[in-house]
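Each chain, written out:
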Amino acid sequence: MFSKILIANRGEIAVRVIKTCRRLGIKTVVVYSDADAGSLAVEMADETVHIGASPAAQSYLVADKIIAACKRTGAEAVHPGFGFLSENAGFAQRCADEGIVFIGPNPGAISAMGDKIESKKFAAAAGVSCVPGHIGEIADTAEAVKISEEIGYPVMIKASAGGGGKGIRVAWNRKDVEEGFPAVRAEAKASFGDDRIFIEKFIESPRHIEIQVLGDKHGNVVHLFERECSIQRRNQKVIEEAPSPLLDEATRQAMGAQAVALAKAVNYDSAGTVEFVAGQDKSFFFLEMNTRLQVEHPVTELITGLDLVEQMIRSAYGEKMAFGQDDLKINGWAIESRIYAEDPYRKFLPSIGRLVRYAPPAEGQRDGPHGGYKVRNDAGVREGDEISMFYDPMISKLCTWAPTRIAAVDGMGRALEDFHIEGLGQNIPFLNAVMDQERFRSGALSTNYIKDEFPDGFHGTQPSPEQLDILTAAGAAMQRVYAARARSYANGLAGAPRTEWVVAVGHAKRRVKVSGEGDVSVALLDEGRTLSLTDIDWRPGKPVFKAALGGKAFTVQVAPAAEGFDIRHRATKARVLVLTPRSADLHDKLPEKQAADTSKLVLSPMPGLVVSMDVAAGQQVREGEVVCVLEAMKMQNIIRAERDGVVKAVNAKGGDPVAADEVLVEFA
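Here we summarise the structure given alongside this text. Nothing here was measured: the structure is a model prediction, and the numbers come from that model.

### Structural notes on the sheet that holds strand S10 (residues 207-215)
Ordered in space as S14-S13-S10-S11-S12-S15-S23-S21-S20, the 9 strands form an open sheet in which the pairing is antiparallel. The open sheet has two free edges, formed respectively by strand S14 (284-290) and strand S20 (364-366), since each of these has just one partner strand. Going across the sheet, the axis of each strand differs from the next one's by a mean of 30°, ignoring polarity. Bridge analysis of strand S11 (residues 221-233) against strand S12 (residues 236-242) gives 4 bridges, and the strand direction is antiparallel. The partner of Gln232 across the bridge, within S12, is Lys237.

### Structural notes on helix H1 (residues 11-24)
With 14 residues, H1 should reach 20 Å at 1.5 Å per residue; the first-to-last C-alpha distance of 21 Å fits that figure. Three or more residues of H1 are buried, namely Gly11, Glu12, Ile13, Ala14, Val15, Arg16, Val17, Ile18, Thr20 and Cys21. Immediately downstream of H1, the backbone of Gly25 shows phi near 75°, a positive value.

### Comments concerning helix H11 (residues 308-317)
Taking burial as the measure, the 10 residues of H11 include 8 buried ones, the bulk of the element. Along H11, the residues classified as buried are Leu308, Val309, Glu310, Gln311, Met312, Ile313, Ser315 and Ala316. Where H11 terminates, the next one or two residues include Gly318, which has phi positive at roughly 105°.

### Overview of the packing of helix H5 (residues 107-114) against helix H6 (residues 116-125)
Put simply, H5 and H6 touch, their axes get as near as 6 Å, and they point 85° apart. Judged on the interaxial angle alone, H6 and H5 are roughly perpendicular. Touching Ser111, Ala112, Met113 and Gly114 of H5 are Lys116, Glu118, Ser119 and Phe122, all from H6. Its residues assigned to classes, the contact of H5 with H6 comprises 3 nonpolar, 3 polar and 2 charged.

### Notes on the pairing of strand S27 (residues 520-524)
Alternating positions in S27 separate cleanly, Val520, Val522 and Leu524 being buried on one face and Ser521 and Ala523 remaining unburied on the opposite face. Of the strand pairs in this sheet, strand S26 (residues 508-515) and S27 are connected by 4 bridges, and their pairing is antiparallel. Along S27, the bridge assignment pairs Lys513 with Ala523. Between S26 and S27, which follow one another and run antiparallel, lie 4 residues, and Gly516 among them has a positive phi close to 105°. In this sheet, strand S28 (residues 529-537) lies alongside S27 in antiparallel orientation, the contact comprising 5 bridges. Counterpart to Val522 in the pairing with S28 is Leu531. Adjacent in sequence and paired antiparallel, S27 and S28 are bridged by 4 residues, among which Gly528 carries a positive phi angle near 70°.

### What to know about the packing of aromatic side chains
Counted by the stated rule, this structure contains 18 aromatic pairs. Ring geometry for Phe348 versus Phe430: centroids 4.9 Å apart, planes at 80°, classification edge-to-face. Within this pair, whereas Phe348 is found in the loop between strand S16 (342-343) and strand S17 (349-350), its partner Phe430 is found in helix H13 (residues 428-436), the two being separated by 82 residues in sequence. The residues Phe348 and Phe430 share a single accessibility class, namely buried. Their ring planes at 55° and their centres at 6.3 Å tell us that Phe390 and Tyr391 sit as a pair that is tilted. Classification of Tyr391 by relative accessible area gives buried; the value is 2%. Pairwise contacts between aromatic rings join Tyr345, Phe348, Phe430, Phe454 and Phe458 into one cluster. Directly above the ring of Trp401 sits Lys374, whose terminal nitrogen or CZ lies 5.0 Å from the centroid.

What counts and what doesn't
Residues numbered from 1 in each chain as written. Predicted model: local features only at pLDDT ≥ 70, side-chain atom pairs only at ≥ 80, totals over all residues. Heavy atoms only, no water. Pairing = 2+ DSSP bridges. Helix = DSSP H or I, 4+ residues; strand = E, 2+ residues; numbered from the N terminus. Axes fitted to C-alpha atoms, helices over the stretch in contact; angles between N-to-C directions. Expected span 1.5 Å × (residues − 1). Buried < 20%, exposed > 50% of the residue type's maximum accessible area, 1.4 Å probe, protein only. Parallel < 35°, antiparallel > 145°, perpendicular 65-115°, else oblique. Contact = heavy atoms within 4.5 Å. Nonpolar A, V, L, I, M, F, W, Y, C, P; charged D, E, K, R; others polar. Phe/Tyr/Trp six-rings, centres within 6.5 Å; stacked < 30°, edge-to-face > 60°. Lys NZ or Arg CZ within 6 Å of the ring centre and 35° of its normal.

Okay, structure coming up:
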């Protein structure tokens, strides 16, 4: 076995590879850029090598620096993780030429399958059913428009070297192609160093299902069943699960056999993924093959019991696979939620910054209905770390496993409740909303899911009757602690705290009577029932309130506010006021605060870099026209005018860094 492996990656996947190497007794080397100098991966590795400035094009994408780091440290092999150089056939060949083992497929397999244009040509020649499209490079925007109109809208514009949701746009008309083609080409060049683009028919309401394959250098290939990755936003996977709720055993075997046949045809000898677009009728078409480890590989590990990183290392070392297809079985159900640094309440725009608080749920077996569930959290960050604008905005990958799908979904809901992050926007409330939706729970998925279910964006959810009880009880219990403390400070230890309050959750007001010390009872005076809080874990200043209501455990995120608290439970958040009866009467007479008028301003929705400013002072602009293009976390975001108007002032130009909510353009 290898004695030392260099990890040519960063963040969560670097930490993931280190953990497997430690278990196998292999020393690790981590390369790092300026932005990652204090990262968890750097802390965990046995050796580290600095390879350049923060932009990936100056560090993680520079093959010469990776090779030099291997020679300097004596690393025998390179694990590329995912992204960066992981699907670069030239880099894999360079490693072979330098006597360094590339922990991934051979360069020939990468060339045949890793390039999306070439893979479609290969698949078509092999008789694999493919999505209709133009298989070949496209010279410019005019040719892109011509091809798109020949195929018929909608079409998908994709970078040949793309991955991870980068370099993809769906175009519904000619204007979308004219705007999208140059943006995709720019993203592809910046993220992958390859600006080749192809266009294919976009199939509406499809499901995204992929087959995990694994090969060795002795001609053996197996599949490790499927993953459903249909919950996507901007072509970026958000929630994945294994197995798929769509497939029956016959379809599973057919897809698996096709994936294995394709892998054998190119002598595939590592972990890889054959992706399919599937119809609701279980028909499926080859989409592409990812010749690397997938971000969502943990769900496959959880249902098979295999460590895919270990299998990649063993295959690269030349070991023969220790099992065959008949030895593999699906055990239970696993779900992965990607925790992203983005603000779901602001159209999921990137939200970079420091993790002021980072408290993931405890890993391991947890009690619960349906036989309980297991929690796994793959992360490359710690409390205090910064999510940088230079890389992908993923904070961690939260996974749950249970014997059944509904138990895994319920377990994920509870695990997300227990995940606490402060300092930047994050998508945990949105993920919780999906877990609670009946459509998701039923397994009726498609890649249009988020667009269908949240057509106007995400604005949280209204409290259910059960959540209204949780918010009421938690607010009353916390206020009781504060009131007792205030009375103690004022009068020594004499006197008892007030027991009768009015709890207001939005416009709903409830008269309550609170009693108890360790366990707390909250009598709802107008409803003739009492809420019983037990197992309370909270003290003033703590941002998380844990308890059981009527014996059912819950967690809410809390922050003090005037006359009460800001409380979030799952996707519901509310200002919970705990008032004296007199104060409650006065609140009814207060006028509502009017929001500031920002209709004449174009604000930067995120921190980033202005790629281009497309308007000038005095220009007439129509609703929907492009105002400017911002780049953040390797993605280009087109900012459009939300109203007709004449530009009064332009406050930024191409190349300028801007902060979130900075005024970019003012209208007269």
